[in-house]
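Architecture and fold: a report
These are the residues of each chain, in order.
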Amino acid sequence: MFKIFIRLKCWLLLMLLISVNTMANDENLVFISYDASNGLADNSVQIVRCTRTGRILIFTIGHVNFYDGDSFVHIDPSTRDVIKLPGYQGGYQLFFDKYHHLWGKNMGVLVCVDLLTEHFMPDVRQVLRDMGVNKPIDDLYGDGECNMWFRSGKQLSDPKKGKTFTIRTEATLQDVDLYADSLLMMFYADGSVGVYDYKHPRYLYKDDAFKTAEEKDHYAQSSILCLVGDRYYQIRNGEETAVLMRYDVSERKWAKILETPFQMRDLYPKEDKLYIATERGYMVYYYQTGEVKHYETIKLSKGRSMTPNINSLMFDRQGGLWMGTKNRGLLYAKAYPSPFSTIPTQSPEAEPYLKLLDKQTARKTTLPYKMNCYLSDSRGWLWTGTYTGLKLERPGKPAQIFNRKDGLINEVVHAVIEDDEHHIWVSTSYGVARLYVRNGEVSHLEVYINQDNIPSDAFLNRRAAKMDDGTIVMESLDRIVVFNPAHFQGEHFGEMVLYPKLCRLMVNGVFVEPGAKLDGKVILDRSVSRTHELHVNYNQNSLTLTFSGLNYLRPVQTYYRVRVKGVSGYNDWRIMSYGKSGGLVDKNGMLHLPLVAMKPGHYVIEMQTSMWPDKWPVDPYTWNLHVEEPWWRTTGLYILIVLILVVLGALNFFSFNRNTKLRMRCLNDEEDMIRRVRGFADRCVELHNEQLAPTTATERNNLLEDDDLESQTFDEVMLKLIPYVTKHRGEQLRFHAFADQAGMGKGELYVLLANHIDKNPRMLISKLRLQEAAELLRTTDIPIEDVAETLNFVSPNYFITSFYRRYRVTPKDYRKSKDL
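Just so you know, these numbers come straight off a predicted model, no measurement behind them.

**A short note on the overall build of the chain**
Scanning the chain from N- to C-terminus turns up 13 helices and 54 strands. Its C-alpha atoms give the chain principal-axis dimensions of roughly 120 × 80 × 75 Å. Going through the 820 residues of the chain one by one, you find that 50% of them count as buried. Counting 101 positive and 101 negative side-chain charges, the chain places the centres of these two groups 3 Å from one another.

Put into structure tokens, the structure is as follows:
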């Protein structure tokens with residue numbers, strides 16, 4: 001009964017910018033499997049989600065796991081971390097609140113994870129008390145805005161917002177959501193939705209999804225909810241079957257989308273599709289056409305296939321699809337399939353490619369010793385593959401050797417060929433490399449290894465050829481590798497947003513854990529992934545910081561741009577990658593940054609990550625490292641600072657306390673006056689379109705005759721404030737803005753409003769209409785009877801009388817006087 005609420009974020013728009021033609025279709029997805037053998041705590045994945053920065057969160061039975069692209073870490077609860085939740089007997093649900101907590105409930109128990117420290121909270125009841133929950137709860141819910149709702153009996157409340165609602169049905173409340181910050185939606189086990197006014201807590205109406213009691217009982221077991229635009233999609237499960245419903249909030253209509261003879265477990269919207277996790281693979285529902293596709297069997301890497309029982313699914317920031325299965329661990333499919341295809345050399349399909357390669361090899365002569373291959377490209381450049389790298393010879397320029405220092409991860413070059421874009425491809429004893437040639441120079445080198453579907457075995461000498469359509473063919477010991485460079489994303493990947501994440505910290509050769517002491521000092525008071533400030537002693541000055549670019553699509557294509565001022569080798573920006581970092585970046589895209597023999601001082605580590613070496617779509621992230629001075633250098637300074645602070649605190653305590661109280665009192669008075677002005681403006685707006693007619697002689701005199709000078713001043717001020725308040729309705733107003741509009745000082749304005757704000761607004765409405773009438777008489781030829789009707793006077797005679805009492809002249813004479 002896990003619920004998700006997804007608003008389509010900016011990163012989905014980014015995916016549209018990247019050549020969608022080469023994105024993997026659902027039919028072509030190939031999944032990689034992660035399970036306990038890879039470090040996952042358990043193979044039964046209940047929920048999988050992606051955090052804001054791109055980290056993968058996995059909830060297995062009894063554990064919370066985090067994945068950073070290289071390894072899994074998990075945290076375990078103890079019995080004291082769990083409290084009972086008697087009103088909930090469903091499956092796993094997770095909720096993120098606004099206070100760095102992750103709430104999990106399952107089968108009548110509740111846990112809470114502190115995401116700052118990445119530990120289970122040992123006293124969940126105290127956390128609830130801190131949130132304003134002071135009585136036992138039966139159940140809790142999280143809405144799409146990360147507000148937490150607590151149910152006690154028939155009362156549903158959000159203590160942080162001071163909202164309480166009464167549940168008006170006997171059916172079990174299963175889901176809660178806040179729609180458009182105005183409607184509170186309550187979804188019940190009988191398939192109905194109760195709608196409440198959120199801003200003025202009151203019940204509005206209820207709409208039923210099912211007409212018969214049989215349907216209500218049949219699909220009452222669990223609910224999964226997802227909001228897309230102004231429509232809620234809801235899975236309702238029975239014992240063995242399920243139904244997908246849709247509720248249109250604006251039309252107040254339920255619609256049945258599909259029924260299945262098996263259970264559906266999760267929903268996730270992406271672009272124009274809704275992905276559905278089921279007991280038998282996954283399904284895709286297309287919003288526009290209503291088409292439903294069922295992928296019961298999925299493809300796994302290395303040619304396998306399976307029919308997974310999927311509990312949860314979601315897409316990461318790069319568009320990759322993640323699935324949590326009941327007993328097969330975690331499944332991941334890349335958003336973009338590998339452009340490399342491999343064919344066993346013994347396969348009949350390989351025969352035409354082998355003939356092409358044989359023809360290519362036949363044209364070559366015997367090569368000198370230690371020369372594996374050569375190519376004279378379209379520019380007249382000579383490329384030679386050797387055992388120590390790739391040699392380039394150009395007319396009029398010195399020879400150049402490309403090897404490990406340039407990013408070539410293996411220096412034994414077996415074949416070299418030019419593509420249609422005039423870039424150079426080489427095969428080596430470990431992987432394939434592409435040299436980008438721009439403006440007469442090699443701009444950078446990109447490598448492709450087994451994670452790109454490249455065989456791990458060595459390639460053969462001179463066995464590379466290009467077909468007429470630009471497709472390149474290479475041969476390894478046992479396989480043919482076929483690819484077309486035109487299908488590569490290349491620098492388009494540079495538009496993807498990657499966030500660097502600090503994953504591990506080693507100090508003096510010891511891995512540091514949150515809260516653990518090293519030489520008597522706690523270095524991490526929170527999770528390392530949430531840390532941006534590091535304080536170490538002067539003798540804890542050799543550190544290794546491990547960062548992840550959270551690049552699941554192509555880890556080997558992770559680039560880091562790093563600067564640490566004051567540290568040798570990092571004073572200026574330095575770009576590092578797997579092939580060009582001296583081993584600091586591994587093939588999983590992890591950067592292991594060593595900072596050795598750091599002198600006492602303050603250092604700022606600046607870092608960006610990208611999938612292209614000259615595109616950095618996000619501003620640098622920073623980490624502050626403080627290497628503290630030895631105690632004998634700082635004790636006197638600390639004592640002096642303490643003495644100064646004590647003296648200053650003593651001198652300023654009383655004045656600060658007094659000023660604070662006066663300021664708070666003034667702010668409270670101003671806020672109360674703003675509220676009263678809003679109310680006065682609202683009353684004026686409500687009365688503006690009513691027909692104007694006096695009821696008594698006293699009221700007529702009060703409405704049409706001016707009071708004293710101060711009353712006139714109040715009317716003039718309100719004529720300025722009412723349009724301003726109406727224009728900024730719903731915004732937070734400041735009293736100084738009122739003073740600016742009125743052209744008065746704050747104190748003078750406050751006294752004026754306090755003396756007159758409770759008066760009847762009809763006098764002001766009457767003056768405003770007569771003012772509008774004078775304007776019409778002055779600027780138009782509209783008959784006086786029409787002016788009276790336009791301004792909602794009960795009769796022309798009453799209008800003439802009112803006008804005369806206001807201006808001491810009849811409307812007719814007033815118009816004549818203005819014409820002269």
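**Let's talk about the packing of helix α7 (residues 709–727) against helix α10 (residues 762–779)**
Two elements in contact, α7 and α10, have axes whose closest approach is 11 Å; the angle formed by their N-to-C orientations is 80°. The angle between α7 and α10 places the two elements in the roughly perpendicular class. Seen from α7, the contacting residues are Asp715, Met718, Leu719 and Ile722; seen from α10, they are Met763, Leu764, Lys767, Leu768 and Gln771. Taken together, the residues of the contact of α7 with α10 break down into 6 nonpolar, 1 polar and 2 charged.

**Examining the sheet that holds strand β25 (residues 282–286)**
Read across the open sheet, the 4 strands follow the order β23-β24-β25-β26; overall the sheet is antiparallel. Lying at the two open borders of the sheet, with one neighbouring strand each, are β23 (264–270) and β26 (292–295). With strand direction ignored, the average angle separating the axes of adjacent strands in the sheet is 20°. Relative to β26, β25 runs antiparallel, the two being bridged by 4 bridges. When the sheet's bridge partners are listed, Val284 is paired in β26 with Lys293.

**What to know about the nonpolar core**
Counting 53 residues, the largest nonpolar core has Trp383, Leu505 and Leu591 as the members making the most contacts within it. Residues within four places of Leu591 in sequence aside, it is in contact with Leu545, Thr546, Phe547, Tyr560, Val562, Met576, Leu584, Val585 and Met607.

**Focus: the packing of aromatic side chains**
Within this structure, the stated rule accounts for 51 aromatic pairs. Ring geometry for Tyr34 and Trp322: centres 6.2 Å apart, planes at 20°, overall stacked. Here Tyr34 is found in strand β1 (residues 30–34), whereas its partner Trp322 is found in strand β30 (residues 321–325), with 288 residues between them in sequence. Residue Tyr34 is classed as buried on the basis of its relative accessible area of 15%. With 6.3 Å between their ring centres and 50° between their planes, Tyr179 and Tyr232 make a pair best called tilted. Of the two residues, Tyr179 sits in strand β15 (residues 173–179) while Tyr232 sits in strand β20 (residues 231–237), which places them 53 residues apart along the sequence. Under the relative-accessibility criterion, Tyr232 is labelled buried at 0%. Here a set of aromatic residues connected by ring pairs shows up, and it is made of Phe31, Tyr268, Tyr275, Tyr282, Tyr295 and Phe315. The ring of Tyr99 carries Lys160 above its face, with NZ or CZ at 5.0 Å from the centroid. Sitting over the ring of Phe488, Arg434 keeps its end group 5.7 Å from the ring centre.

How each quantity is defined
Residues numbered from 1 in each chain as written. Predicted model: local features only at pLDDT ≥ 70, side-chain atom pairs only at ≥ 80, totals over all residues. Heavy atoms only, no water. Helix = DSSP H or I, 4+ residues; strand = E, 2+ residues; numbered from the N terminus. Buried < 20%, exposed > 50% of the residue type's maximum accessible area, 1.4 Å probe, protein only. Lys, Arg positive; Asp, Glu negative; His and termini not counted. Charge placed at Lys NZ, Arg CZ, Asp CG, Glu CD. Axes fitted to C-alpha atoms, helices over the stretch in contact; angles between N-to-C directions. Parallel < 35°, antiparallel > 145°, perpendicular 65-115°, else oblique. Contact = heavy atoms within 4.5 Å. Nonpolar A, V, L, I, M, F, W, Y, C, P; charged D, E, K, R; others polar. Pairing = 2+ DSSP bridges. Core = buried A, V, L, I, M, F, W, Y, C linked by side-chain atoms within 4.5 Å. Phe/Tyr/Trp six-rings, centres within 6.5 Å; stacked < 30°, edge-to-face > 60°. Lys NZ or Arg CZ within 6 Å of the ring centre and 35° of its normal.

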